[in-house]
Amino acid sequence: MLPRCVAVAILSMLLLHPCFGADTDLVLATAQGTIEKADKDSVTIRPRGPDGKFGKNLVLKLTGTSKITTLSPQTRAGKVVMTQRETDAKDLQPKQLVAVIYAQASADAVLLAAVVQPAADK
């Protein structure tokens, strides 16, 4: 009979193994660049590579859990504090700077979180 701690360790590995029930083709990624266009279903960004050159447009699907915020610096007690306010995709403007976290599964790229700088006219 196996010692209880070994049995618990084996059971834990089986129950908590990340591959069970998970999509093995799932890739978590980040990008930064500018907004090209946005609508209620997707956001298209033009990412910049590490060399500063723009890459191929990246279309990110929006879901009910996608979060978009706008960086909103505030002055509190004489110090600048970085805050974020929730933003709708419809309020995004072309050429706005953006940083995104997204998941790539099969052919779809899904936006998980995005932080944009305020639009120039706001």
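In what follows, the structure referred to is the one given above.
Scope of this entry: the structure provided in the associated data block. Note that this is a predicted model, so its numbers are computed, not measured.

## Points about the overall build of the protein
Next up, step 1: Assigned secondary structure in the protein consists of 1 helix and 7 strands.
Next up, step 2: When the helices and strands of the protein are read in sequence order from the N terminus, they spell out α-β-β-β-β-β-β-β.
Next up, step 3: Each of the 122 residues in the protein was classed as buried or not, and the buried ones make up 25%.
Next up, step 4: Contacts in the protein between residues far apart in sequence, at least 24 positions, make up 45% of those at least 6 positions apart.
Next up, step 5: Total accessible area on the protein is roughly 8,900 Å²; 59% of this is exposed by carbon and sulfur atoms.

## Let's talk about the nonpolar core
Next up, step 1: Core analysis: the biggest nonpolar cluster contains 17 residues, and Val43, Ile45, Ile68 and Val100 have the highest contact counts within it.
Next up, step 2: Elements supplying a minimum of two residues to this core: strand E1 (27-38), strand E2 (42-47), strand E3 (58-61), strand E6 (97-105) and strand E7 (108-116).
Next up, step 3: Considering each element in turn, this core owes the most residues, 4 residues, to E7.
Next up, step 4: Not counting chain neighbours up to four residues away, the residues in contact with Ile45 comprise Ala31, Thr34, Ile35, Glu36, Asn57, Leu58, Val98 and Val100.

Calculation rules
Residues numbered from 1 in each chain as written. Predicted model: local features only at pLDDT ≥ 70, side-chain atom pairs only at ≥ 80, totals over all residues. Heavy atoms only, no water. Helix = DSSP H or I, 4+ residues; strand = E, 2+ residues; numbered from the N terminus. Buried < 20%, exposed > 50% of the residue type's maximum accessible area, 1.4 Å probe, protein only. Contact = heavy atoms within 4.5 Å. Areas by Shrake-Rupley, 256 points an atom, 1.4 Å probe, with all protein chains shown as cover. Core = buried A, V, L, I, M, F, W, Y, C linked by side-chain atoms within 4.5 Å.

Everything listed here is a matter of coordinates, which is why it stays silent on function.
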